[in-house]
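# Coordinates in review
Here are the chains, one letter per residue:
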Amino acid sequence: MLRFLSTLLLGCLLSTHLLAADPAPSEDQPAEPEPVLQGGLLGALADGLDSAARQMDLDAHLVDAWRLRTDRAAQEVERLVDRHSASDSLHLAGNFLLLTLTWGAAFGLLGGGGRWVAKRVSRRPWLREHKRVSGLLGYLLPYTLPALASLPVTLYVSRFLDPSVARALGLSLAYATSSGLFSTSIILCLITLFDAGHKRPAVAVIKRLAPRPLFLIGFLAAWSDALTSPQIARQLGGNITASVAVVTGLTATFIFASLVIRLRRPVAHLIRNRAYKDRVQHRAVQETLRIFSTLWYLPILLMILVSAVNLVGAGAESQKALQNALLTTVLLVSTLFLSTLLQHLLAPRESDPAQRVRPYKELLRSLAHALLRIAMAVAFIELLGRIWGFSVIDFALSNRLGQAISNSLSSIGLILLVTWLLWVVLDTAIQEALKPAAGRRNARQPSTRVRTILPMLRNAIKVILIVICTITTMANLGINVAPLLAGAGVIGLAIGFGSQQLVQDVITGLFILIEDTISIGDWVVLDSGHAGTVESLTIRTLRLRDGKGFVHSVPFGQIKAVTNQSRQFAYAFFSVQFTYDSDVDASLALIHEVGQSISEDPLLRINLQGPLQVFGVDRMDLNGFVLTAQFRTISGGQYAVSRAFNERLKKRVDQTENVSFAQVYPLPVQALGA
């Protein structure tokens, strides 16, 4: 996020410099004093755009040039029509048809022969095993070689014809057609070299979509080039050929752009997909290829756009603009490669030992990576400006508008960097506190108190940092934040007065969390009658799930007393009453025997924290004597131990003759009357 914002703001700086660059003041007219800029970054940008709008001269020079060229081309067409009679027209049509048929016959004969040779050769066993070689021959023999050979034949026949419009058109169309076929077949031959393994589906898609657009691009580009030659321009007229060349060139660029967009995914598949061994052993190269496969078409579209603009302008600066576009493409590719290499060098090593300080090492590595990426973005923008004839650094240091924008950008970037750094440091510390130390087999797990409070603290820190960062950024952008702060204070005061119960719930909840009275996972009983397992704790409410599965949300302000049954340990207490005619020693022996069996049970002993404690005869009443005992268990384990003890003691007493449980017998009615 920080890298994106920094790059976006620096881009705004570039665009403002392009639009607001002041021309050098003349010696006769003194330079106007620079205005005092106010309002932060937005105000500086607004002043720069206003200055640029005042200085831009949007006249109709280009439109006038094209109107003039069109009028002259129309006059040249009229002169061509008036210059030739009906007999001359028939003669010219015959010459044009002769050249066209010559080229078509030569290409047809040579192409048919090449196709026959390709079929005969492809039947050989060696070529059957090497399908890519067979595919190359399928393009070279029927298309490439005939396209090259048919053009000299046409040129030889044209020597017997007088120079005319038909001869010029016939030769230009023959040259354009041969060039289109030659370029298309060569490109398809190069694509055929990738026709193997997992790249075969992408090659099939390219072969299905590319031939016709490639032929049109080659044909139109070659025809545009042929029309600009002096010989053809002398026959047809310079304005006619120039206008047709521009139209055909623009058509070729648009077809090329649409083809690039349609083929961006198949070509990306060819670029990044390599053998598994190469992908594993050369991760940096694979990452570079992955980035190239994602962005490969952007430099090409940039070149197409520059070419289209130069074709429309048709000025003397076309070569310089093309050179600048090439340098821009090289700079973009180099920057992407360096970025990938930097990411690979600063990536965490899998062989590093797990240590407690490793997260902070990763934090320093991430910070260094972010700073280097920002430096690379600044260097890229500066070099890009140098290529196109301006300097961002000079603009930021020598121009008052640049100083205002650079100061605002520096402040905003520093705010974002410090905010991000604080958040990463605090978040790393919280995440480390929520997990046990790495590399220790019996590391102590964080307490439920820590697991309850720290996520809430993390969310609070995130909100505070976002609010502070937003307010300071708005202030540096030139937005007056004083009314916003005053309004927030008034709203906070009104909320405080209108939500006293909410404030009570929050304060009570804070003290409950700080004192560690309740934690997630505890079984608690509240004075309000609610009981269940604590599922979640917010800053205001407690959420319980009872034994029936129902969920209860209780505000902290309604909690007066809490019974926590899940802290440290519990007791499974037994109180058993036997009849007076039962043997006391045998009864105690049965209790000890059942307790020993529970201690040896592999499923039950995990709940125990000690042996059975037998207290002996606790009391005697009219029905018999009472023996008591207890197990110390883990929290929540007393229920399973109590049920198992009661079940096993009942079975043992039923099997013993001199021990029986006491029963309460109601007195007879006569005894009550007496």
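Bear in mind that the values here come from a model prediction, so they are computed numbers and not experimental data.

### Some details on the overall build of the protein chain
The secondary structure content of the protein chain amounts to 25 helices and eight strands. Within the protein chain, buried positions represent 35% of all 674 residues. A fraction of 72% describes how many contacts in the protein chain between residues 6 or more apart in sequence connect residues 24 or more apart. In the form shown here, the protein chain has an accessible surface area of approximately 40,400 Å², with 63% of it arising from carbon and sulfur atoms.

### What about the packing of aromatic side chains?
In this structure the tally under the stated criterion is nine aromatic pairs. A centroid spacing of 5.2 Å and a plane angle of 5° characterise the contact between Trp-103 and Phe-107, whose relative ring orientation is stacked. You can see Trp-103 and its partner Phe-107 sitting in helix H4 (residues 86-122), four residues apart, about one turn around the helix. Neither Trp-103 nor Phe-107 differs from the other in exposure class; each is buried. Ring centres of Tyr-156 and Phe-160 lie 5.4 Å apart, and the angle between their planes is 85°; on these two criteria the pair is classed as edge-to-face. Among the aromatic side chains, those forming a connected cluster through ring pairs are Phe-215, Phe-219 and Trp-223. A cation over an aromatic ring shows up here: Arg-115 above the ring of Tyr-143, its NZ or CZ 5.9 Å from the ring centre. One cation-aromatic arrangement involves Arg-632 over Phe-569; the distance from NZ or CZ to the ring centre is 3.7 Å.

### Concerning the confidence of the model for the protein chain
Looking at the protein chain as a whole, its pLDDT mean stands at 75, while 73% of the residues score no less than 70. Scored below 50 in pLDDT, residues 55-60 shows three contacts in the model against residues more than four places distant or in partner chains. In this model, residues 350-357 is a region of pLDDT below 50 whose contacts with residues beyond four sequence positions or in other chains number nine contacts.

### Some details on the sheet that holds strand E7 (residues 613-620)
Across a sheet, paired strands are connected by hydrogen bonds in the backbone, their directions being either parallel or antiparallel. The three strands are arranged E6-E8-E7 in an open sheet whose pairing can be described as antiparallel. Two strands bound the open sheet, and with one partner strand each, they are strand E6 (569-578) and E7. Strand-to-strand, the axes of this sheet are offset by a mean angle of 25°, without reference to chain direction. The sheet contact formed by E7 and strand E8 (residues 625-634) spans six bridges and is antiparallel. Note on E8: the bridge partner recorded for Met-620 is Phe-625. In the packing of helix H23 (residues 584-600) onto the sheet, the strands contacted are E6, E7 and E8, and the crossing angle to E8 comes to about 15°.

### Observations regarding the packing of H23 against helix H24 (residues 638-654)
One way to put it is that H23 packs onto H24 with a least axis distance of 10 Å and a crossing angle of 135°. Relative to H24, the element H23 is oriented oblique. Taken as a pair, H23 and H24 cross one another with a handedness that is right-handed. Between H23, through Leu-590, Ile-591, Glu-593, Val-594, Gly-595, Ser-597 and Ile-598, and H24, the contact on the second element is made entirely by Val-641, Ala-644, Phe-645, Arg-648, Leu-649, Arg-652 and Val-653. The residue makeup of the contact of H23 with H24, split by class, is nine nonpolar, two polar and three charged.

### Focus on the sheet that holds strand E3 (residues 541-545)
Ordered in space as E4-E3-E2-E1-E5, the five strands form an open sheet in which the pairing is antiparallel. The two strands at the open ends of the sheet, each matched to only one other strand, are strand E4 (551-555) and strand E5 (562-564). Here the average twist between neighbouring strands, direction ignored, is 40°. Pairing geometry for strand E1 (residues 523-526) and E5, over three bridges, is antiparallel. Across the sheet, the residue bridging to Val-524 is Asn-564, located in E5.

### Points about the environment of Gly-104
Structurally, the position occupied by Gly-104 is in helix H4. In this structure the C-alpha to C-alpha distance between Gly-104 and Ala-147, which are 43 residues apart in sequence, comes to 10.0 Å.

### Concerning a positive patch on the surface
On the surface, a cluster of positive charge is contributed by Arg-115, Lys-119, Arg-120, Arg-123 and Arg-124. By the element assignment, Lys-119 lies in helix H4.

### Overview of the pairing of strand E2 (residues 531-537)
Summarising the sheet, E1 and E2 pair through three bridges and their orientation is antiparallel. Considered in E2, the bridge of Val-524 is made with Gly-532. Here E2 runs beside E3; their pairing, made up of four bridges, is antiparallel. Residue pairing in the sheet places Thr-533 in a bridge with Arg-545 of E3. Counted along the chain from E2 to the antiparallel partner E3, the turn is three residues long.

### Considerations on helix H9 (residues 211-227)
Along an α-helix, residues three or four apart share an orientation, since each turn contains 3.6 residues. For H9, with 17 residues, the first-to-last C-alpha span of 24 Å sits near the 24 Å given by 1.5 Å per residue. Listed in full, the buried residues belonging to H9 are Pro-213, Leu-214, Ile-217, Gly-218, Phe-219, Leu-220, Ala-222, Trp-223, Ser-224, Ala-226 and Leu-227.

### What about the nonpolar core?
The biggest cluster of nonpolar side chains holds 33 residues, and the ones touching the most others in it are Ile-206, Leu-227, Ile-232 and Leu-263. Mapped by element, the contributors of at least two residues to this core are helix H6 (131-158), helix H7 (165-192), helix H8 (200-209), H9, helix H10 (230-236), helix H11 (238-262) and helix H12 (264-272). Apart from the residues within four sequence positions on either side, Ile-206 is in contact with Ile-191, Pro-211, Leu-263, Pro-266, Val-267 and Leu-270. Counting 22 residues, the second largest nonpolar core, distinct from the first, contains Ile-591, Leu-612, Leu-627 and Val-653.

### What about a nonpolar patch on the surface?
Side chains of Leu-145, Leu-148 and Phe-182 sit close together on the surface and give an oily, nonpolar patch of about 260 Å² of accessible area. Locating Phe-182 in the fold gives a position in helix H7. Under the relative-accessibility criterion, Phe-182 is labelled partly exposed at 32%.

### Some details on the environment of Ile-634
Turning to its location among the elements, Ile-634 is positioned in strand E8. C-alpha separation for the pair Ile-634 and Tyr-571, spaced 63 residues apart in sequence, amounts to 8.2 Å. Setting aside anything within four residues of it in sequence, one finds Ile-634 in contact with Gln-568, Phe-569, Ala-570, Ile-606, Asn-607 and Gln-609.

### Considering the pairing of E6
Burial along E6 is one-sided: Ala-570, Ala-572, Phe-574, Val-576 and Phe-578 are buried, while Phe-569, Tyr-571, Phe-573, Ser-575 and Gln-577, pointing the other way, are not. As paired elements, E6 and E8 share 10 bridges and run antiparallel to each other. Across the sheet, residue Ser-575 finds its bridge partner in E8, namely Thr-628.

### Notes on H6
Spanning 28 residues, H6 covers 40 Å between terminal C-alpha atoms, matching the ideal 40 Å at 1.5 Å per step. In H6, a bend of some 45° at Leu-140 exceeds every other bend along the element, and Pro-142, a proline, comes one to four places later. Of all the residues in H6, the buried ones are Leu-136, Tyr-139, Pro-142, Thr-144, Pro-146, Ala-147, Ser-150, Leu-151, Thr-154 and Ser-158.

Reading the values: rules and limits
Residues numbered from 1 in each chain as written. Predicted model: local features only at pLDDT ≥ 70, side-chain atom pairs only at ≥ 80, totals over all residues. Heavy atoms only, no water. Helix = DSSP H or I, 4+ residues; strand = E, 2+ residues; numbered from the N terminus. Buried < 20%, exposed > 50% of the residue type's maximum accessible area, 1.4 Å probe, protein only. Contact = heavy atoms within 4.5 Å. Areas by Shrake-Rupley, 256 points an atom, 1.4 Å probe, with all protein chains shown as cover. Phe/Tyr/Trp six-rings, centres within 6.5 Å; stacked < 30°, edge-to-face > 60°. Lys NZ or Arg CZ within 6 Å of the ring centre and 35° of its normal. pLDDT = per-residue confidence, 0-100. Pairing = 2+ DSSP bridges. Axes fitted to C-alpha atoms, helices over the stretch in contact; angles between N-to-C directions. Parallel < 35°, antiparallel > 145°, perpendicular 65-115°, else oblique. Left-handed = near helix turned anticlockwise from the far one by under 90°. Nonpolar A, V, L, I, M, F, W, Y, C, P; charged D, E, K, R; others polar. Patch = residues over 30% accessible without salt bridge, like charges linked within 9 Å, V, L, I, M, F, W, Y side chains within 5 Å. Salt bridge = Lys/Arg side-chain N within 4 Å of Asp/Glu carboxyl O. Lys, Arg positive; Asp, Glu negative; His and termini not counted. Charge placed at Lys NZ, Arg CZ, Asp CG, Glu CD. Expected span 1.5 Å × (residues − 1). Core = buried A, V, L, I, M, F, W, Y, C linked by side-chain atoms within 4.5 Å. Bend = angle between axes of the 7 residues up to and from the residue.

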